[in-house]
Number of protein chains: 2
Amino acid sequence: MTKKIALLGSTGSIGSQTLDIVRMHPDKFDITVLAAGKNVDLLAKQINEFKPKIAIIGSKHDCDYLKTNVTASTRVLYGFEGIKEAMYDGEADLVINALVGSRGLGPTCQAIEAGKDVALANKESLVSGGKLVMSLAEKHKVNIIPVDSEHSAIFQCLQGEKRQSLKRLILTASGGPFRQMTKSQIIEMGVKEALKHPNWSMGNKITIDSATMMNKGLEIIEAAWLFKIDLDKIDVVVHPQSIIHSMVEFHDTSVIAQLGLPDMKVPIQYALSYPHRLQNNLMSLSLTDITTLTFEKTDEDKFPCLRLAKEAQRIGKTMPCVLTKANDLLVEAFLKEKISFYGISESIEMLMQKHHSYEYDSLDDLLEVEAWVESALCF
Amino acid sequence: MTKKIALLGSTGSIGSQTLDIVRMHPDKFDITVLAAGKNVDLLAKQINEFKPKIAIIGSKHDCDYLKTNVTASTRVLYGFEGIKEAMYDGEADLVINALVGSRGLGPTCQAIEAGKDVALANKESLVSGGKLVMSLAEKHKVNIIPVDSEHSAIFQCLQGEKRQSLKRLILTASGGPFRQMTKSQIIEMGVKEALKHPNWSMGNKITIDSATMMNKGLEIIEAAWLFKIDLDKIDVVVHPQSIIHSMVEFHDTSVIAQLGLPDMKVPIQYALSYPHRLQNNLMSLSLTDITTLTFEKTDEDKFPCLRLAKEAQRIGKTMPCVLTKANDLLVEAFLKEKISFYGISESIEMLMQKHHSYEYDSLDDLLEVEAWVESALCF
């Protein structure tokens, strides 16, 4: 029996790799929904190849373009209303949310409300709206399956184990392209340097987040929600080779780790095939070829985003939403060379000091917070 | 509710550490049987402390001594007949077999026939009589729980996973004290040097097995039986730090590993508490303190025992029993400085060439093979 898949963010890095996995297992998966933001030409190709029931593009203009350029009998919709409709009408068993940044939160909520299991590549959903997402998931009895390599690793390590045996999570971090530089060297770094990730091939947003280590900060918050664990039971270890994707320590001091070559296809496939594992022809890890794995402490002075993320989660309520949205906008500004590398963390810190965190109840409350962030950061 | 434990080999390294674990969790475990070979004074102390229902010592002479020197109301028996009786009358829920060498096979069979789950620290049981032990375990529906750190690691990594997803096992090996020497340097090495294990504190027999790497050879055979997997799906990687205790690769290329400081108490406790994990106050692993994990290929020219063990298992039938028993006797001879370091592997190889492997059905068949080995090796 094939699993029916709704893929949100199909033209991005995770989206494209998800489709590669589906191509590798045509008997296991069937794409019934495809959604993308702006890349209309690639989406058109994907629609013609996978013939989903519904496709969604960001704007009405692109939607009209698609309607005349797609040969498949796919229904073409647009915007978040389109995604919402597809969550109900798309017949999916599993929704992969691979949208980029804080815009992923709404569709995550919509998917859960439609009773769909969600494979979450959009960490911002949980960072901004963890309370909302997790309580919705509980209410609608759906599974949230992580796609991030670190959270997938932890999720795998926890299989067959009892929750009460869990002592701490150990997230590994590559350290990004600036790991070995001093703070004064990092100050000089621009977009080109920040986009050179040593191990992983990823989208631009997450590659910059990796350079600032905000990525790891967001992952700590994501892990806290996903695995219902206190922030102080989540450690981060810098592991430049990115072979150990993360670890779990149990209360008998036994540590279980998940390892592999840095290839997002493995955690993506696991999220698609869970609770099963599917055979594939990806490259096996050979530790005698790798020869050495190293581990270092994190440096929150060089990478203040890590500290800011923890602070935001400790304050809680709307503060992580401020952090996430501000980071989205500031990374965009950095990519456009409007601000410097440390401008990202400095502006986030300023904004966090301005914001009085308050309890939220709905997606609308969070959208209001995001609007406030947008108005506070004018580029 | 306490778990009732029969501990065979209570005065050895694994035995003593097992009792340490029991002391740490007096509400969880109750020692009902203690058995030792020769160390009558330590056994007497253990009897007075743990007050088992039954205690067994090797000889009648020591048994008589114990009867007059033990204050507890323990029934004292001797020899393998004594162990057999205790398997039925000792009320144990779990038998820990921590006997040293090939003499462990009989008691393993007796425990299984008495319907007891067996925590197996005696790898020779499975190496010599894998077919017998596994078929008995299946017949009597008992669990065999590994105590060896490597097999415990694999056992832990397989929890919650499906057998058909398993691609290969990756056993790690410290490489022993002679890892960095050339063959001509190793030739010069004596008992003192061979007993210096870099990471693990263990008994003499297993420490020499670690120096010859026969230990890893025996572990390959043990793993093949325990996890019902082909020899060619078991890899060995030299990992001098002994932090990753072993790994499993699944057919999606995902690798799950178990890590920790080299402390036998962790796998012993896991075997006792399985399927649960018990909290303890042992030291947690800090990878940022360890800083580096390295991996090397094995060298079967320098360590021929590794090759011989694989050959014995490929030939199968009675050959692994010959390998095990010969190794037992030859290590003893080496410890008494009657033969040289490479004398161990040379004699095993000669004996394997002499032996025509045949199918066996019972423990008696194997005892006959062992008798043949003994007669062939006269020191």
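Residues numbered from 1 in each chain as written. Chains lettered and ligands numbered in written order. Predicted model: local features only at pLDDT ≥ 70, side-chain atom pairs only at ≥ 80, totals over all residues. Heavy atoms only, no water.

1. Considerations on the overall build of chain A
Within chain A, the secondary structure is distributed over 17 helices and 12 strands. A compact globule built from 379 residues should have a C-alpha radius of gyration of about 21 Å, and chain A, at 20 Å, falls within 12% of that. With the principal axes as the frame, chain A shows a C-alpha extent of 55 × 50 × 40 Å. In chain A, buried positions account for 61% of the 379 residues. Counted over contacts in chain A with a minimum sequence separation of 6, partners at least 24 positions apart contribute 69%. (Helix = DSSP H or I, 4+ residues; strand = E, 2+ residues; numbered from the N terminus. Rg over C-alpha atoms; globule rule 2.2 N^0.38 Å. Buried < 20%, exposed > 50% of the residue type's maximum accessible area, 1.4 Å probe, protein only. Contact = heavy atoms within 4.5 Å.)

2. Brief notes about the relation of the copies chain B and chain A
Each copy superposes on the other: chain B lies on chain A with an RMSD of 0.0 Å after a rotation of 180° and an axial shift of 0.0 Å. Given the turn and translation reported, the copies of this chain are related as if by a two-fold rotation axis. Among all residues of chain B, the one whose C-alpha sits closest to the rotation axis is Gly160(B), at a distance of 1.8 Å. Mapped onto chain A, 100% of the interface residues of chain B again fall at the interface, so both copies present the same surface. (Least-squares fit on C-alpha atoms with pLDDT ≥ 70 in both.)

3. Structural notes on the environment of Asn143(A)
All names here are of chain A. Its location among the elements puts asparagine 143 in the loop between α6 (123-139) and β7 (144-146). Separated by 38 residues in the primary sequence, asparagine 143 and methionine 181 have C-alpha atoms spaced 41 Å apart. What asparagine 143 contacts, discounting residues up to four positions off in sequence, is Asp117 and Val118.

4. Examining the packing of aromatic side chains
Residues and elements named next belong to chain A. Enumeration over the complete set of coordinates arrives at 12 aromatic pairs over all chains. For the pair phenylalanine 155 and tyrosine 270, a centre-to-centre distance of 6.4 Å together with 75° between the ring planes defines the contact as edge-to-face. Taken together, the residues phenylalanine 155 in helix α7 (residues 149-157) and tyrosine 270 in helix α12 (residues 265-273) connect sequence positions 115 residues apart. Members of the aromatic cluster, joined through ring pairs, are Phe178, Phe334, Phe341 and Tyr342. Directly above the ring of tyrosine 360 sits lysine 131, whose terminal nitrogen or CZ lies 4.9 Å from the centroid. (Phe/Tyr/Trp six-rings, centres within 6.5 Å; stacked < 30°, edge-to-face > 60°. Lys NZ or Arg CZ within 6 Å of the ring centre and 35° of its normal.)

5. Examining the interface of chain B and chain A
Size of an interface: often given as the accessible area lost when the parts come together. Contacts between the two partners involve 43 residues from chain B, matched on the other side by 43 residues from chain A. In total, chain B and chain A occlude about 3700 Å² of area from one another, counting both sides; carbon and sulfur atoms represent 51% of this. Our count for the contact surface shared by chain B and chain A stands at 4 salt bridges. With its nearest N and O atoms 2.8 Å apart, the salt bridge here joins Arg277(A) to Glu161(B). (Buried area = accessible area lost by both parts, 1.4 Å probe. Salt bridge = Lys/Arg side-chain N within 4 Å of Asp/Glu carboxyl O.)

6. Description of the domain arrangement of chain A
Residue and element names in this part refer to chain A. Partitioning chain A into domains gives domain 1 (3-146) and domain 2 (148-175 + 213-298). Computed over C-alpha atoms, the centres of domain 1 and domain 2 are 25 Å apart. Across the contact, 26 residues belong to domain 1 and 25 residues belong to domain 2. Considering only the side of domain 1, the residues that lose the most area to domain 2 are Lys123, Val127 and Pro146, jointly responsible for 29% of the buried surface there. At the boundary of domain 1 and domain 2, one finds 3 salt bridges. Its salt-bridge partner being aspartate 148, residue lysine 123 comes within 3.1 Å of it at the nearest N-O pair. Taken together, the links from domain 1 to domain 2 amount to 6 residue pairs in polar contact (both at pLDDT 80 or more). At the level of secondary structure, the elements contributing two or more residues to the side of domain 1 that touches domain 2 comprise β1 (3-8), α1 (13-24), β5 (94-97), β6 (117-120), α6 and β7. (Domains from an automatic or database assignment. Polar contact = N/O pair within 3.5 Å; in protein donor to acceptor, adjacent residues only side chain to side chain.)

7. Let's talk about the sheet that holds β5(A)
Residue and element names in this part refer to chain A. Spatial strand order, β4-β3-β2-β1-β5-β6-β7: 7 strands in an open sheet with parallel pairing. Here the strands that pair on one side only, and so sit at the sheet edges, are β4 (75-78) and β7. Taking the axes of each pair of neighbouring strands and ignoring which way they run, one obtains an average angle of 25° across the sheet. Relative to β5, β1 is paired through 4 bridges, and the arrangement is parallel. Paired with leucine 7 across the strands is isoleucine 96, a residue of β5. Helix α2 (residues 40-50) contacts β2 (29-35) and β3 (54-57) of the sheet and is inclined by roughly 150° relative to β2. Against the sheet, helix α3 (residues 60-69) engages β3 and β4, with an angle of about 170° to β4. (Pairing = 2+ DSSP bridges. Axes fitted to C-alpha atoms, helices over the stretch in contact; angles between N-to-C directions.)

8. Details of the pairing of β5(A)
All names here are of chain A. Burial along β5 is two-sided: the residues Leu94 and Ile96 and Val95 and Asn97 are all buried. In the sheet, β5 pairs with β6 via 4 bridges, with the strands oriented parallel. When the bridges of β6 are listed, leucine 94 appears paired with aspartate 117. The β-α-β motif built from β5, the intervening helix α5 (residues 105-113) and the parallel element β6 has right-handed crossover chirality. (Right-handed = clockwise from strand over helix to strand, strands pointing away.)

9. Let's talk about unusual backbone geometry
In this structure, Pro275(A) follows Tyr274(A) across a cis peptide bond, with omega equal to 10°. Among the secondary structure elements, Pro275(A) is positioned in the loop between α12 and α13 (287-290). Phi angles above zero are rare outside glycine, and Met213(B) is one such case at about 65°. With respect to the helices and strands, Met213(B) occurs in the loop between α10 (204-212) and α11 (214-226). Classification of Met213(B) by relative accessible area gives buried; the value is 3%.

10. Considering the pattern of salt bridges
Applying the stated criterion across every chain, the model contains 53 salt bridges over all chains. Across the pair Lys205(B) and Asp209(B) runs a salt bridge whose closest N-O atoms are separated by 2.5 Å. Taken as a pair, Lys205(B) and Asp209(B) lie in helix α10 at a separation of 4 residues, close to a single helical turn. Here Lys205(B) and Asp209(B) have matching classes, each one buried. Among the ionic contacts, a cluster of salt bridges with common partners joins Lys123(A), Asp148(A), Glu150(A), Lys216(A) and Glu219(A).

11. Thoughts on the side chain of Thr18(A)
Residue and element names in this part refer to chain A. With respect to the helices and strands, threonine 18 occurs in helix α1. Overall, threonine 18 belongs to the buried group, its relative accessible area being 0%. Those residues in contact with threonine 18, other than ones at most four positions away along the chain, are Leu7, Ile96, Ile268 and Leu272.

12. Comments concerning the side chain of Asp148(B)
Residue and element names in this part refer to chain B. Summarising the element assignment, aspartate 148 is placed in the loop between β7 (144-146) and α7 (149-158). Looking at aspartate 148, the relative accessible area reads 7%, which means it is buried. Setting aside residues up to four positions removed in sequence, aspartate 148 forms contacts with Leu120, Lys123, Glu219, Glu222, Met264 and Pro267.

13. Observations regarding the sheet that holds strand β11 (residues 255-259) of chain A
Strands sit in the order β9(A)-β8(A)-β10(A)-β11(A)-β11(B)-β10(B)-β8(B)-β9(B) across an open sheet of 8 strands; the sheet is mixed. Single-partner strands in this sheet number two, and they are β9 (234-238) of chain A together with β9 (234-238) of chain B. For this sheet, the mean inter-axis angle between neighbouring strands, taken without regard to orientation, is 20°. Sitting on the sheet, helix α11 (residues 214-226) of chain A is in contact with β8 (166-173) and β9 of chain A, with an inclination near 155° to β8(A).

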